[in-house]
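The lines below spell out each chain.
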Amino acid sequence: MGDQNLAEILKVKKQFVAMGTLVSSQIHQATKSFLEHDMILAKQVISKDQQVNQTEVKLEKNVFDVLIRKNPMASDFRETMSILKASSDMERIGDAAIRIARQTLRMSDKPTFTAAEKLIQQLTYQVRQMLDKVDEAYVNDDSDAAYAVASEDIKVDRLYLQLRQLVLSQQVKDKQQLKASDVYLIISRQLERVGDHIVNVAEWIVYAQTGKIVELNPGKNDPELIKK
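These notes cover the structure that comes with them. In this text, all values refer to a predicted model and were calculated from it rather than measured experimentally. Within each chain, residue numbers correspond to sequence positions counted from 1 in written order. A pLDDT threshold of at least 70 governs which residues receive local features in this predicted model, and a stricter bar of 80 or more applies before side-chain atom pairs are shown or counted, although totals over entire chains, interfaces and linings include all residues. For side-chain calculations, the full set of non-hydrogen atoms in the structure is used, while hydrogens and water are omitted.

**Looking at the overall build of the protein chain**
Link 1 in the chain: Per the convention used, a helix needs a DSSP run of H or I reaching at least four residues, while a strand needs a run of E reaching at least two, with both numbered from the N terminus. Along the backbone of the protein chain there are nine helices and zero strands.
Link 2 in the chain: Each helix and strand of the protein chain, placed in order from N terminus to C terminus, yields the pattern α-α-α-α-α-α-α-α-α.
Link 3 in the chain: Within the span of the protein chain, comprising 228 residues, buried residues form 50% of the whole.
Link 4 in the chain: A sequence separation of at least 24 residues applies to 83% of the contacts in the protein chain between residues at least 6 apart. Only protein chains enter the accessibility calculation, which uses a 1.4 Å probe; a residue whose area is less than 20% of its type maximum is buried, one above 50% is exposed, and one in between is partly exposed. In this description, contact between two residues means that some pair of their heavy atoms is separated by no more than 4.5 Å.

As structure tokens, this is what we get:
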């Protein structure tokens, strides 16, 4: 592979790292706005709705340019394809951040549910940590770290189920809580999906390094979670 090809692949790698940083910031800010009931911050997150989408479009264009015009070798082809696939998951994580911010605005006139918010705080912390770790795994081309971060998604699944059960049971006890319960359920679902997308990114890191397509989502191997 020539120096020009190497430069093009390094370019798309840097773009993906920048996209990961942007998405991580969006998730951190969106979840912060909800946990702190910060409507101004939520509006700021929403105002940046197109940033991640535009970044993905530009990255996708450059990836296709490498694949079609540069004819990369097998290992570089895998890495370039993994960037294309992982960027789609990153874009969806960015979409989740926007949805969380929009749900935050809906909470401005609704009663809060302290127990649910504590669980969302735990869920938020877990997802943020996983996102930061998967970004680091990509930067370091570390498939072992990718496996490790994917294994943590089981914590996300369990927190999500615990939170959902709590909110649904509270609906029966307190009719006033109906006004806010759907917001808690939507936000927790968005965070659970973020966890799944992080696992997908981890799978693409492993593919880039090993050429193996693996299933790393621990929840898919847990009969109890699948049933719930």
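**As for the packing of aromatic side chains**
Link 1 in the chain: Each pair of aromatic rings taken from Phe, Tyr and Trp, with Trp reduced to its six-membered ring, is defined by centres within 6.5 Å and is described as stacked if the planes are under 30 degrees apart, edge-to-face if over 60, and tilted in the remaining cases. Under the counting rule described, the total for this entry stands at four aromatic pairs.
Link 2 in the chain: Taking 6.0 Å as the distance between ring centres and 85 degrees as the angle between the ring planes, the aromatic pair formed by Phe-34 and Tyr-184 counts as edge-to-face. In this pair, Phe-34 sits in helix α1 (residues 3–35) while Tyr-184 sits in helix α8 (residues 178–210), placing the two residues 150 residues apart along the sequence.
Link 3 in the chain: When its relative accessible area of 0% is taken as the criterion, Tyr-184 is described as buried.
Link 4 in the chain: Judged by centre distance (5.6 Å) and plane angle (90 degrees), the ring pair of Trp-204 and Tyr-207 falls under edge-to-face. Here Trp-204 pairs with Tyr-207, and both are found in helix α8, just three residues apart, close to one helical turn.
Link 5 in the chain: Taken together, the ring pairs in this structure connect Phe-34, Phe-113 and Tyr-184 into an aromatic cluster.

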